[in-house]
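Take a look at the letters that make up each chain.
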Amino acid sequence: MKVISTIETKFAKFLSFGVLIITVLIVVGSSTDPVNAPKMLVLGAVSFGLIPFIILNKKNLIKSEYKVTTLVVVCFLSSLFIALLFGNSPFSQKFYGTYGRNTGFLTFVALVIMFWCITLFNSRTSHKYLVISLAVSGGINIVYCLIRSMVGDPIPWNNIYGAFLGTFGNPDFAGAFVGITSGVYLALLSSDANRKYKWLYFILFLGSLFTVLETKTKQGILIALISISVFGFLTLGNLTIRKIVKRIYVFTISILAIFVVLGMLQIGPLSSYLYKRSVSLRGSYWNAAWHAGISHPFTGVGLDSFGDFYRRVRSLKAATWLPGSETTTNSAHNYYLDLFASGGILLLLSYLSFTVIGLICIFRIYRSLKKFDYIASIMILGFLSFQAQAIISISQIGLAIWGWIFTGMLVSYARISKNEALINEKKVMKKHQDLPVGVIIFASLCVGILIFVPPFSADAKWFNATKSQKLQNVETALVPSYFNPTSSTKFLDAIRILENSKLYKESHKYALLSVKFNPEYFEAWRSLYFATNSTAQERQLALSKMKKLDPLNRNLDNFK
């Protein structure tokens with residue numbers, strides 16, 4: 001068994017360190033997007049570094065205990081590929097994702113690779129490394145929050161929220177992540193760890209509650225309550241107390257949950273505390289995403305391209321009242337509807353399969369527990385808390401990785417609990433015991449960097465070009481290449497800069513290129529309409545396109 005643990009441990013340590021970096025990485029001073037593009041780059045490098053481990057375990061993938069997972073992974077990747085080929089948006093946008101999100105084809109491939117690797121783990125120690133990574137990531141955000149509250153934000157970014165952004169660039173994501181870790185620290189506090197570590201976990205738990213409050217988000221509070229409540233349920237389940245006590249706890253938590261949900265919907269006594277305008281906005285976004293998916297049921301509108309189609313599928317209420325004609329979104333604020341809109345019913349069903357697998361594994365693990373297991377508890381509370389977040393929020397790389405990690409951990413832990421396939425696993429791994437694992441990981445990691453670096457490289461190039469305030473540099477940064485993929489956002493930014501600099505010939509040039517690059521993008525046509533050097537015929541064409549892309553926008557009737 002030592003052979004297995006030696007090879008697996010190296011990959012597990014590499015993965016754990018990698019997801020820690022992905023979660024906390026921020027790059028400021030060299031790019032316009034300090035969060036998503038760098039996280040995507042590291043995600044790609046780490047995921048490709050894990051591919052050799054999957055290859056070493058290739059014989060396991062067709063065994064009975066792995067077949068379902070393998071089938072779901074293949075179905076999901078196939079659905080992604082269909083959406084990539086047949087979606088209506090620009091290929092580079094589908095492949096790399098929209099600026100500021102980067103949740104396109106490549107990102108999902110990397111997430112699936114990470115999940116697949118974790119499902120092949122056969123050691124509880126591997127799971128411990130991931131738990132440590134989660135706890136440290138939360139701790140870094142807590143320390144960051146404390147520093148911010150005492151001396152100010154050490155990161156020089158434009159914080160329009162006036163709240164703690166964490167290492168996610170957004171208070172909702174930071175609140176959700178730290179909310180999940182609040183239950184994690186309670187589980188670690190209940191483990192058999194050394195007393196000095198328990199004091200640390202207790203301090204981190206209190207710090208997590210403070211940090212959630214500093215994000216000023218109801219989402220963070222909700223996720224923290226779910227995380228802590230699930231921990232309480234799992235703890236009671238392993239205590240020798242009467243069933244009536246457990247039932248009272250479940251009943252009480254259920255009633256509170258109902259009141260919380262009703263309050264968020266502006267119903268009941270908690271509505272004044274829990275309701276936010278964003279709740280109503282989510283209803284509009286969900287409705288639009290549903291109609292986007294229905295309009296393209298088999299291919300979707302294009303990976304990470306819901307924003308291009310939002311205006312034409314939103315309801316009359318959304319266009320004329322709430323949120324209004326000029327308020328748009330590039331996300332459904334719901335993972336499942338986002339995938340349905342982006343990739344159609346096949347992508348939605350295959351992603352749902354991962355959730356179902358996770359729930360089944362939770363049931364199996366819970367039934368097999370004879371005493372409190374902090375690792376199992378962390379996986380379960382993490383998975384359930386993450387699913388709650390997935391229903392009401394946007395997919396963000398630093399947070400989304402944990403949803404896939406929790407699911408992968410549940411799958412492998414459920415198998416470990418049954419103590420199956422270890423002997424055969426030893427036979428498979430034994431012949432690879434002399435492999436230079438570190439060299440193999442490094443080589444695969446480098447391949448991942450080459451594949452995933454273009455969005456980060458393009459963003460850095462654009463940042464330097466705009467900072468230089470030189471026309472030649474700006475135009476050079478707009479020339480597409482492998483390391484400099486084009487994006488609608490970059491075109492719009494360039495048009496604005498050139499118009500403000502009274503370089504009307506150049507701004508008109510790029511306005512034309514923008515609509516050619518993505519004719520489905522409303523803002524591209526609006527830029528052409530307002531470009532100083534646009535002809536009357538071009539403005540007329542732009543207006544007709546805008547009305548087609550945003551048919552319920554009455555403000556367009558005022559355009560001449």
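This structure is a prediction, so every number in the text was calculated from the model and none was measured.

Conventions we followed
Each chain has its residues counted from 1, running along the sequence as written. Per-residue local features are limited, in this predicted model, to residues with pLDDT of at least 70; the limit for side-chain atom pairs, both in listing and counting, is 80 or more; totals at the level of whole chains, interfaces and linings are taken over all residues. Remark: hydrogens and water are excluded; side-chain values derive from all non-hydrogen atoms of the structure. Strands are runs of DSSP state E lasting at least two residues, helices are runs of H or I lasting at least four, and both sets are numbered from the N terminus onward. It is over C-alpha atoms that the radius of gyration is taken, and the globule rule equals 2.2 Å times the number of residues to the power 0.38. Exposed residues in this analysis have more than 50% of their type's maximum accessible area, buried residues have under 20%, and partly exposed residues fall in between, with area computed by a 1.4 Å probe over protein chains only. Contact criterion: two residues are considered in contact whenever any of their non-hydrogen atoms come within 4.5 Å of each other. Accessible areas in this description were obtained via Shrake-Rupley with a 1.4 Å probe; residue shielding takes into account the shown protein chains only. Angular values range over 0 to 180 degrees, each being the angle between N-to-C directions of two axes fitted as lines to C-alpha atoms, with helices fitted over their stretch in contact. When an angle is under 35 degrees it counts as roughly parallel; over 145 it counts as roughly antiparallel; between 65 and 115 it counts as roughly perpendicular; any other value is oblique. Crossings are sorted by hand: turned counterclockwise from the far helix by less than a right angle, the near helix makes the crossing left-handed, and turned clockwise it makes it right-handed. Multiplying one less than the number of residues by 1.5 Å gives the expected span of a helix.

Q: Break down the overall build of the protein chain for me, with residues and values.
A: Broken down by element type, the protein chain carries 24 helices and zero strands. For the protein chain, the C-alpha radius of gyration of 25 Å lies close to 24 Å, the compact-globule estimate for 560 residues. For the C-alpha atoms alone, the extent of the protein chain along its principal axes is close to 80 × 60 × 50 Å. A buried classification covers 56% of the 560 residues belonging to the protein chain. Taking all contacts inside the protein chain whose residues are at least 6 apart in sequence as the whole, residues at least 24 apart take part in 75%. Total accessible area computed for the protein chain in this model is approximately 24,500 Å², and 66% of it derives from carbon and sulfur atoms.

Q: Just give me the short version of unusual backbone geometry, but keep the residues and values in it.
A: Here the residue pair Leu 322 and Pro 323 is connected by a cis peptide bond, since its omega of 10 degrees sits within 30 degrees of zero. Considering the arrangement of structural elements, one finds Pro 323 in the loop between helix H14 (316-320) and helix H15 (335-368). Phi angles above zero are rare outside glycine, and Lys 216 is one such case at about 55 degrees. Here Lys 216 is to be found in the loop between helix H8 (195-215) and helix H9 (218-237).

Q: Describe the packing of helix H2 (residues 36-56) against helix H19 (residues 437-468), with residues and values.
A: Contact geometry for H2 and H19: axes closest at 7 Å, N-to-C directions at 150 degrees. The pairing of H2 with H19 is recorded here as roughly antiparallel in orientation. Seen from above, H2 lies across H19 with right-handed handedness. Judged by residue contacts, Ala 37, Pro 38, Met 40, Leu 41, Gly 44, Ala 45, Phe 48, Gly 49 and Pro 52 of H2 engage Ile 440, Ile 441, Ser 444, Leu 445, Val 447, Gly 448, Ile 449, Ile 451, Phe 452, Val 453, Pro 455 and Phe 456 from H19.

Q: Summarise helix H12 (residues 277-295); cite the residues concerned and give the values.
A: Helix length check: H12, at 19 residues, gives a terminal C-alpha distance of 28 Å against a target of 27 Å (1.5 Å per residue), a fit within 8%. All buried positions along H12 are accounted for by Val 279, Leu 281, Arg 282, Ser 284, Tyr 285, Ala 288, Ala 289, Ala 292 and Gly 293.

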